[in-house]
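Close look at the chain arrangement
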Amino acid sequence: MNNKDLAKNVLDLVGGEQNISGLTHCATRLRFVLKDDNKADLRALDQLEGVLKAQNSGGQIQVVIGAKVDAVYSEVKNLTSDHIGELTESTDSGPKKRRNPVNVVLETIAGIFTPVLPALVGCGMIKCLATVITAMGYLEGSGFLTIINMIGDCIFYFMPFFLAVSAANRFKTNPYLAVALAAGLMHPTILNAAAQIAETGVNSIDFLGLPILLMKYSSSVIPIILAVWIMSYVYPIVNRVIPKFLQVLLTPMIVLFIMIPVELIVLGPVGSYIGDWLTNGINSLFSTAGVLAGAILGFFKPIMVMFGMHYAIMPIQVQQVATLGATVLLPTALAANLAQAGAAFGVFVLTKSKTMKSAAASSGFTALFGITEPAIYGVTLKYKRPFFAGCLAGGLVGGFYSLVHTTANAISLPGLLAIGTYTSDRYMYVVIGCIAAIVLGFVFTLMAGIKEDADGAKPKQQATGALDSIRNAAATGVTVEQDSPQAYASSSDMLIVSPMTGEIRPISEVEDQAFAQELMGKGIAIVPTDGKVYAPFDGVVEALYRTKHAIGLKAANGVEILIHIGVDTVSLKGKYFNAHIEQGQTIKAGDLLVEFDPEGITSAGYNTITSIVVTNMQQYGDVLTTATNGPIRESEAMIKLIP
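Scope of this entry: the structure provided in the associated data block. (Residues numbered from 1 in each chain as written. Predicted model: local features only at pLDDT ≥ 70, side-chain atom pairs only at ≥ 80, totals over all residues. Heavy atoms only, no water.)

1. Quick look at helix H14 (residues 330–350)
- Here H14 contains 21 residues, and its C-alpha end-to-end distance of 30 Å stays within 8% of the 30 Å for a straight helix at 1.5 Å per residue.
- Judged by how many residues are buried, H14 sits mostly within the fold: 18 of 21 residues are covered. (Helix = DSSP H or I, 4+ residues; strand = E, 2+ residues; numbered from the N terminus. Expected span 1.5 Å × (residues − 1). Buried < 20%, exposed > 50% of the residue type's maximum accessible area, 1.4 Å probe, protein only.)

What follows is the structure, given as structure tokens:
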């Protein structure tokens, strides 16, 4: 499925664009704030190809996409711009609902920091490069190294400006006035005077009898967020008081005249003290109970990722790097991420499913470089034991990192590419911790094992085209005897008969990678010679998409198949298709399920090749096709299942 199709499906399943009041995204997930959460079909979202996980957390519908989330986000914005205008990272959700204050705070922090992540990570990786060059003794004192260090530091020096824009979007206020508030904190009058306190002895400026404390705000986090938040209330009040014909002239002037003194006199110092208290508190915790604190954070980091809570500690990390030059929190995240990578590699060794082997290998490598959502949602959490094996390994290594005083001097994705930004009592300890996290996650998973016949261990069933075809589950199948194709098998081998007449083709010839690579399940393809699909067994219609191009069937003995007519035919929106059954209906072998017009579909530019796959293939020893080429008639044996 391409990004545009995925975006269309996601929009549909969250209740349509009219149900969306806010949207943002982070490194791996789309975050929707909906007017009515009940209109979102989380189960169907969770089943979409391209979606690793869908959940309601922190007042948001979170759709975990993975590395291509930015492209999908852009497609969502493109699809909605003509209808509801530019979507903002707002949390205004129409009718007000009682919400947990803790969730509101966490959601707000995540909403402010996630748009800034690209700049944070980019500067962090540049800082890593500068650290490596310096450690190797190359280019010392050169202009090149000076500029590289400057690039790595720029976001921290000008942090209030970045957060001003993000906070303005979050609190739905004027972003340019928010930037002006940041400029008030960063003006040379304040910064230079603060830097010269030791020389001049002057630590405040008088403003109408009120003292403005001279403080350095260049790397601060909380003062600008508080200032923009307060301005979001002040601005509309001022705007209501000023006559309309004077609003353009007077509203911005009065808002700045109120807000900049307020932020310099009250909000700046209060925010700075709060930031310092949090920073010092975390450092005190790690200095007095470092091993325990590191172990707890290392263990719970993947769980925090599941609920999107890991962004709640982002301000503390940024504040620590800004004020102390390093953070003690990122090393625990590094341990947790690498441990989940090791757990995914353990699943790769244990699983018998080719699909899961591929998912485990690819997501494991992704986790090595700091993105763990594919490994967590796509692999380890499905089997449960590997997930907690990774948590245990992350906790042990997190405790070790705390014991040897490991810190990170830049904000970056906690993965192997960024280990140059980490320091310890001896740098070798950083490397040892990385290796230990991967190895322990791997070994603990092998020791815990997996249960592939458990519900939680089944790979996500995914569909093709628009993939809505498997809204309530993937498709289904049946078993029959070879001599009596419409009867259930009594032998250990089971046969599935053809639901249509046509020419057999290998499933690899289908121009849809979800089928061709057997991500949906093993099966066969048929180029139909007529336009009729019949029931291959007695069973139930488990899924019927509204465009009628895909049908999910399940037999009484549990075998499941998906019949998907054509490639990308969901785009026809039901044209050329006529269903004779409904979802949930009981069927008998030979019943006519769907009629379609092959010539009409072809003339519209779509391929009619039909995929028929066993979607619960992991429950069987093997799924074999009786032929790979040649003609086949409806009710002839087609697929053989080996228990």
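2. Quick word on unusual backbone geometry
- Although it is not a glycine, Leu208 adopts a positive phi angle of roughly 55 degrees.
- Inspection of the secondary structure puts Leu208 in the loop between strand E5 (204–207) and strand E6 (210–213).
- Phi angles above zero are rare outside glycine, and His405 is one such case at about 60 degrees.
- Here His405 is to be found in the loop between helix H17 (385–403) and strand E7 (407–408).
- Among the residues examined, His405 registers a relative accessible area of 55% and is labelled exposed.

3. Focus: the packing of H14 against H17
- One way to put it is that H14 packs onto H17 with a least axis distance of 7 Å and a crossing angle of 145 degrees. In terms of crossing hand, the pair formed by H14 and H17 is right-handed. Here Pro331, Thr332, Leu334, Ala335, Ala336, Ala339, Gln340, Ala343 and Val347 of H14 come into contact with H17, specifically with Pro386, Phe387, Gly390, Cys391, Ala393, Gly394, Val397, Gly398 and Tyr401.
- Here the contact of H14 with H17 is composed, by residue class, of 13 nonpolar, five polar and no charged. (Axes fitted to C-alpha atoms, helices over the stretch in contact; angles between N-to-C directions. Left-handed = near helix turned anticlockwise from the far one by under 90°. Contact = heavy atoms within 4.5 Å. Nonpolar A, V, L, I, M, F, W, Y, C, P; charged D, E, K, R; others polar.)

4. What about the nonpolar core?
- Of all hydrophobic cores here, the largest spans 66 residues; its most connected members are Phe113, Leu120, Leu163, Ile224 and Val318.
- The element contributing the most residues to this core is H14, with nine residues.
- Apart from the residues lying within four places of it in its own chain, the contact partners of Leu120 are Phe113, Ile155, Phe156, Met159, Met314, Val318 and Ile411.
- With 34 residues, the next largest nonpolar core counts Ile524, Ile526, Ile551 and Ile563 among its residues. (Core = buried A, V, L, I, M, F, W, Y, C linked by side-chain atoms within 4.5 Å.)

5. Description of empty space enclosed by the protein
- Per the counting criterion, the structure on display carries two cavities of 30 Å³ or more.
- In this structure, the largest cavity occupies an estimated 60 Å³ of space.
- As for the largest cavity, its lining consists of Leu297, Lys301, Met304, Ile313, Gln317, Leu329, Thr332 and Ala333.
- Broken down by secondary-structure element, the contributors of at least two residues to the lining of the largest cavity are helix H12 (247–306) and H14.
- In terms of residue count, H12 provides more of the lining of the largest cavity than any other element does, three residues in total.
- The space that makes up the second largest cavity amounts to roughly 40 Å³.
- As for the second largest cavity, its lining consists of Val221, Ile222, Gly275, Leu278, Thr279, Pro315, Ile316 and Gln319.
- When residues of the lining of the second largest cavity are traced back to their parent elements, those giving at least two are H12 and helix H13 (314–324). (1 Å grid on protein atoms, 1.4 Å probe; cavity = no way out; pocket = protein on both sides within 12 Å on 5 of 7 lines; lining within 4 Å. Points joined across faces, edges and corners; volume = space filled by probe spheres on them.)

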